[in-house]
Amino acid sequence: MHKQPKQTRFNENVLAKYQIYNSIFMTLPFDTIGKTGVLLPLFHEVCKNGFSNKLNPTEIVENFFKTYQENPSEKEKINLLFQFIQYIERQVVLFDAIEDAAFPIVNNMDGVGTLRNSKETAIIENKKEALKKHLENFKVRVVLTAHPTQFYPGAVLGIITDLTEAIQNNDLLLINQLLAQLGKTPFFKHEKPTPFDEAVRLIWYLENVFYHSISQVYNYIQSNIFDGQQINNDIINLGFWPGGDRDGNPFVTTEITLNVAKRLKQTILKSYYKDIRLLKRRLTFKGVEEIVFELENMLFENSVNTAFKTMLPLKEFKSKLQQIKEILISKHQSLYVEDINDLINKVHLFGYHFATLDIRQDSRVHHTVFSEIVTTLQKNGSQLFPKNYLELSENEQLKILSEVEDTVDISIFKNEIVSKTLSSIQAIKTIQQNNGEKGANRYIISNNQTAVNVLETFAMFNLCGFKHQITADIIPLFETVNDLTNAASVMEKLYTNKAYSKHLKSRNNKQTVMLGFSDGTKDGGYLMANWSIFRAKENLTKISRKHNIKVIFFDGRGGPPARGGGKTHQFYASQGPTIEDEEIQLTVQGQTISSNFGTLDSSQYNIEQLLSAGISNELFSNTNNIITKSDAKIMDDLANTSYKAYVDFKNHPKFMPYLEHMSTLKYYGKTNIGSRPSKRSKSKGFIFADLRAIPFVGSWSQLKQNVPGFYGVGTALKKYEDNDEFEKIKQLYNTNDFFKTLIGNSMMALSKSFFKLTEYMAKDEEFGEFWKIIHQEYETSKRLILKLSDYTELMQSNKVGKASINIREDIVLPLLTIQQFALLKIQELQKEENPNLKLLKVYEKMVTRSLFGNINASRNSA
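Residues numbered from 1 in each chain as written. Predicted model: local features only at pLDDT ≥ 70, side-chain atom pairs only at ≥ 80, totals over all residues. Heavy atoms only, no water.

Caption draft 1: Main features of the packing of helix 18 (residues 451–463) against helix 20 (residues 498–506). One can describe the packing of helix 18 onto helix 20 by two numbers: an axis separation of 12 Å at closest approach and a directional angle of 70°. Judged by the angle between their axes, helix 18 and helix 20 are roughly perpendicular. Pair helix 18 / helix 20 crosses with left-handed handedness. Listed contacts from helix 20 to V454, L455 and F458 of helix 18 are A499, Y500 and H503. For the contact of helix 18 with helix 20, a count of residues per class yields five nonpolar, one polar and no charged. (Axes fitted to C-alpha atoms, helices over the stretch in contact; angles between N-to-C directions. Helix = DSSP H or I, 4+ residues; strand = E, 2+ residues; numbered from the N terminus. Parallel < 35°, antiparallel > 145°, perpendicular 65-115°, else oblique. Left-handed = near helix turned anticlockwise from the far one by under 90°. Contact = heavy atoms within 4.5 Å. Nonpolar A, V, L, I, M, F, W, Y, C, P; charged D, E, K, R; others polar.)

Structure representation (structure tokens):
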């Protein structure tokens, strides 16, 4: 138990250490400009003073060069600014490593939200048996996605890991060497990664973090809650999108999907091999040594050779391990039985698949594909579909879609997207044969709007040889406000469809439904998106229970509050009995993977927080997670008021031009951090519907305006203030955890805003009035959230979280200034009759390069 307050622990173990190691880092010679480390703190001071005195970024940069440089040339100025960018990127890495190293000191690893705390609470309330019963069914699924919000290449991730360890051990010599290595290691990728490259990057986390942290959590549950008995539930599952997520990514091929599945199997076998090697040094007893030797050879051969020809079936592999355990117990006084039990549990958790590879595609692509399938089959003389199929009503199409089956020859389809889609379904069968059913048993339909969208996918499985024995879950993803509203009626049509109902019976009468926070917020604003998802969950729970289906909610969450991020465990703990909660499933991506699951300590802690959120919902009474009719009425009104404000804002004629000309939106595609294009269509201009949520939210974050995390909140709260009904909102805030969590996460978005950076835009001839609209909503939201919470400053109750944000924002202040300076230079050059195209490219590169450090520093900005 820590004796010092959390804030003190943070100051001593994070802030103080950063100041010490940063001073070392700044004096290391990385380049020919020896004074960069001396000049950067001076530039930082000039930036702070400049914004305080309402100077614009150009004035700040020019003032710095006038004060600290003797008549520098344009080239010298540019070179120094690029040096600053490189230094700041590495300062962010240093702070990441220090914060990671201090994680178990700053956070109470046995406190509220941990398994130990849940177990002790259950014992005090005489609910240990109820806790065991709950954990026999309850699951958490963490799904790592391919979305590119992580800018660290693999080499830098390795340095962070080593640096974290060196800092924990106070190894000054190694820290010095690693800082020098960091200074010379490139961050910037000149070519986009392939989807396979992205997969390999994320598999690093599976192998180095999740393999250990998940098994540690599972072992704790088995030892301390189940008293060492076997648990007939794996409790924690891993999902994986890189290589399987085709939505908007033309570079994901069937070959890549199969290769990623092979890599996942190869990696888990390699992990088992390492464990067996360690066991071999301990299990030197008669009757055991021979089995260990046999398994060691088999695992080595198959972790090197991806044909996996000599690998035992999973059941037999488990049996061999169990045999070792039984011999240790019966003949060797249970010596090292905990070690073999750890490996048995790992094999139980990860099998031969490691993580389930999800396949995903957009419903609109499916619809185009399916129309092509129907017409091509008809041209080839098939009688599967009537000639007028495409003109039939929805109900008539549903009937045909639910009954059709065949094993079609993919080679007859000349359209590439058709053959790609069908071959991805066939790939599921291949992966299941190699990695087991859990290797790939989920197909997600993004932008799902109708029951036809689901049954078209259902039919494609049955046309690819599954013939109504589909060993996969078909998962609709509802994203827009309208689709979330209609979700329950769509699912009822499916539940009452005879063939689909039969399919669900074969899947244990469970239906997974995915809900999209990112596109929901982009479509309807922060309050409306979150409330629409809450209501959709309530309605889907009700309709599913009516049809004896257990609905499982899979939340498509990003890093920031605008994309469903923020305090995730508090969000789940705030969902009451009207929402099905047998499983918690969520996507984790980019910096959220490295910040929440990047080390063994943070990974174990955050997995336990998710488990405890589900446990507390089921076992421990909490009247603050129940939404009454009067609460719901207020939430409806708040959501609708904010929705109108957001839609009016979104429809403003300057909305898209502002993002295109005043933000970094168009530079996201140039960062080469992800294989997926930054917008859906190939159109030259920017169309709102085509925008991906990540560059959309990320661009607001780079401007330090964070619009998607608060816009409409202030307007909604002000309505109640203007009507002298603010006490109603206060009452809701103080008695309802869901609303409190929403406001808390919006508070985080406001805390990461810094309008002084772009205050110069208020005077812009074209965009000045639009900037003022955003700033006014920010001021209103901030003022009324403070009034609502009775705080004097944002995030007042989370001082450590606020301190971390403040340090990170302080580190990147010069970087943000450089970015805005470069954007202003680009605007200047573009207005010239004959612009210097070479110089224009240099400043465009400067903007692109500045994205990296800003995103990494925020840790959950996109």
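Read on for the rest.
Caption draft 2: Just helix 24 (residues 590–597), in detail. With seven of its eight residues buried, helix 24 lies for the most part within the structure. Of all the residues in helix 24, the buried ones are G590, Q591, T592, I593, S594, S595 and F597. (Buried < 20%, exposed > 50% of the residue type's maximum accessible area, 1.4 Å probe, protein only.)

Caption draft 3: Structural detail: the sheet that holds strand 7 (residues 510–516). Judged by pairing direction, the sheet is parallel, and its nine strands sit side by side in the order 3-2-1-9-8-7-6-5-4 without closing on themselves. Looking at the sheet topology across the chains shown, the edges are occupied by strand 3 (356–357) and strand 4 (359–362). Pairing analysis gives four bridges linking strand 4 to strand 5 (residues 442–446), with the strands arranged parallel. Across the sheet, residue R360 finds its bridge partner in strand 5, namely I444. Across the sheet, helix 10 (residues 195–224) touches strand 1 (139–144) and strand 2 (236–240), and the angle it forms with strand 2 is around 180°. (Pairing = 2+ DSSP bridges.)

Caption draft 4: Inspection of the packing of helix 15 (residues 363–379) against helix 18 at higher detail. The contact between helix 15 and helix 18 brings their axes to 10 Å, and the two run at 50°. As the angle between them shows, helix 15 and helix 18 are arranged oblique. For the pair helix 15 and helix 18, the sense of crossing is left-handed. On helix 18, the residues touching S363, H366, H367, V369, F370 and I373 of helix 15 are N453, E456, T457, A459, M460 and L463. Within the contact of helix 15 with helix 18, the residues separate by chemical class into six nonpolar, five polar and one charged.

Caption draft 5: Up close: the pattern of salt bridges. All told, the structure shown has 46 salt bridges when counted by the stated rule. K399 is the salt-bridge partner of E403, the closest N and O atoms lying 3.1 Å from each other. Highlighted residues: E403 and K399, both in helix 16 (residues 394–403), separated by four residues, approximately one helical turn. By sharing partners, the salt bridges in this structure join K510, R545, K550, E580 and E582 into a single network. (Salt bridge = Lys/Arg side-chain N within 4 Å of Asp/Glu carboxyl O.)

Caption draft 6: Representation of the nonpolar core in the model. Among the nonpolar cores identified, the biggest contains 268 residues, and F240 and L638 are the most heavily contacted of them. Of all the elements, helix 33 (residues 799–831) adds the most residues to this core, at 16 residues. Leaving out residues up to four positions away in the same chain, F240 has contacts with V143, L144, A199, L202, I203, L206, V260, L264, A355, T356, L357 and D358. Judged by nonpolar contacts, the second largest core, of seven residues, contains V143, I444, I475 and F554. (Core = buried A, V, L, I, M, F, W, Y, C linked by side-chain atoms within 4.5 Å.)

Caption draft 7: Region of the structure containing unusual backbone geometry. If you check the backbone angles, Q333 has positive phi at about 50° while not being a glycine. Following the sequence through the fold, Q333 ends up in the loop between helix 13 (314–331) and helix 14 (337–350).

Caption draft 8: Main features of the pairing of strand 6 (residues 473–478). With six of six residues buried, strand 6 is to be regarded as a mostly interior element. The alternating pattern of strand 6 places D473, I475 and L477 and I474, P476 and F478 on opposite faces, both of which are buried. As judged from the four bridges shared by strand 5 and strand 6, these two strands associate in the parallel manner. From the neighbouring strand, Y443 faces strand 6, where its bridge partner is I474. Traced from strand 5 through helix 18 to strand 6, the parallel crossover comes out right-handed. Pairing analysis gives two bridges linking strand 6 to strand 7, with the strands arranged parallel. Residue pairing across strands places F478 opposite L515, the latter belonging to strand 7. (Right-handed = clockwise from strand over helix to strand, strands pointing away.)

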